[in-house]
Amino acid sequence: MAERKAQVTRNTLETQITVAVNLDGTGQLDVDTGVPFLDHMLDQIARHGLIDLEISAIGDLHIDDHHTVEDIGITLGQAFKQAVGDKKGIRRYGHAYVPLDEALTRVVIDFSGRPGLEMNVDFTRGRVGNFDVDLFSEFFHGFVNHGMVTLHIDNLKGKNTHHQAETIFKAFGRAMRMALEVDQRAADIMPSTKGCL
């Protein structure tokens, strides 16, 4: 099987971002975004998805975190799309339920070739530390639109905002891990998913 790796650089007036992914990694993370809570969430994707991630970002953080968080989502989506390739042999669909104390989140993903996000999360607070939790929606919109995936995120329970966010990213990583698993039976059934299946 060919290596499922990719590196993408995105430069705009607001940000300079480089993302490298290895879909067949061990969960290693090398990240420097300038946004500590986002770094913590990206670590959940790597560890629970068993995906190696290298992410460096320089952004206009003197204004706020918006452009940096959104553009990391965009660049990560582009890198995943490139690394997955024609999707031949992957399971394509993945799902995960993840609890953390009182919080519980379900994530379902389809590497469909069609972007779509349904995110049903009522965060109990607007911020975790200095991080604006509204930006998670921007991150995931960027990811699905450029990764060409359909993603459903449902926070089923939660009182602690940090716990809500962490269950989302852990479940996201685990759902991707399932969807990206290579299965010869899937290859026989679905040689690729380039079209609308």
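This report concerns the structure included in the present document. (Residues numbered from 1 in each chain as written. Predicted model: local features only at pLDDT ≥ 70, side-chain atom pairs only at ≥ 80, totals over all residues. Heavy atoms only, no water.)

To continue, consider the side chain of glutamine 164. Mapped onto the elements, glutamine 164 comes out in helix 4 (residues 161–179). At 3.0 Å, the side chain of glutamine 164 and the backbone oxygen of aspartate 122 are in polar contact. Setting aside residues no more than four positions away along its own chain, glutamine 164 makes contact with Ala103, Thr105, Asp122, Phe123, Thr124, Asn155 and Gly158. (Helix = DSSP H or I, 4+ residues; strand = E, 2+ residues; numbered from the N terminus. Polar contact = N/O pair within 3.5 Å; in protein donor to acceptor, adjacent residues only side chain to side chain. Contact = heavy atoms within 4.5 Å.)

In contact at an axis separation of 12 Å, helix 3 (residues 135–147) and helix 4 are set at 15 degrees when each is read in the N-to-C sense. When the axes of helix 3 and helix 4 are compared, the pair comes out roughly parallel. The crossing of helix 3 and helix 4 is left-handed. Along its contact with helix 3, which presents Phe136, Phe139, Phe140 and Phe143, the element helix 4 presents Ala165, Ile168, Phe169, Phe172 and Met176. (Axes fitted to C-alpha atoms, helices over the stretch in contact; angles between N-to-C directions. Parallel < 35°, antiparallel > 145°, perpendicular 65-115°, else oblique. Left-handed = near helix turned anticlockwise from the far one by under 90°.)

In spatial order, the strands read 5-6-10-7; together these 4 strands make up an open sheet with mixed pairing. Either end of the sheet is taken by a strand with one partner, and the two such strands are strand 5 (93–100) and strand 7 (116–120). Strand-to-strand twist across the sheet, computed as the mean angle between neighbouring axes with direction ignored, equals 10 degrees. With 7 bridges connecting them, strand 6 (residues 103–110) and strand 10 (residues 150–157) associate as antiparallel partners. Bridge pairing in strand 10 places threonine 105 opposite asparagine 155. (Pairing = 2+ DSSP bridges.)

Now for the pairing of strand 1 (residues 5–11). Along a regular strand, successive side chains alternate from one face of the sheet to the other. Strand direction decides the pairing type here: strand 1 and strand 2 (residues 15–22), joined by 7 bridges, are antiparallel. When the sheet's bridge partners are listed, glutamine 7 is paired in strand 2 with alanine 20.

This paragraph deals with unusual backbone geometry. Of note in this structure, lysine 87 is not a glycine but carries a positive phi near 70 degrees. Within the secondary structure, lysine 87 sits in the loop between helix 2 (66–84) and strand 5. Judged by its relative accessible area of 13%, lysine 87 falls in the buried class. Here the phi dihedral of aspartate 101 falls at roughly 55 degrees; this positive angle occurs in a residue that is not glycine. By secondary structure assignment, the location of aspartate 101 is in the loop between strand 5 and strand 6. You can call aspartate 101 exposed: its relative accessible area is 65%. (Buried < 20%, exposed > 50% of the residue type's maximum accessible area, 1.4 Å probe, protein only.)

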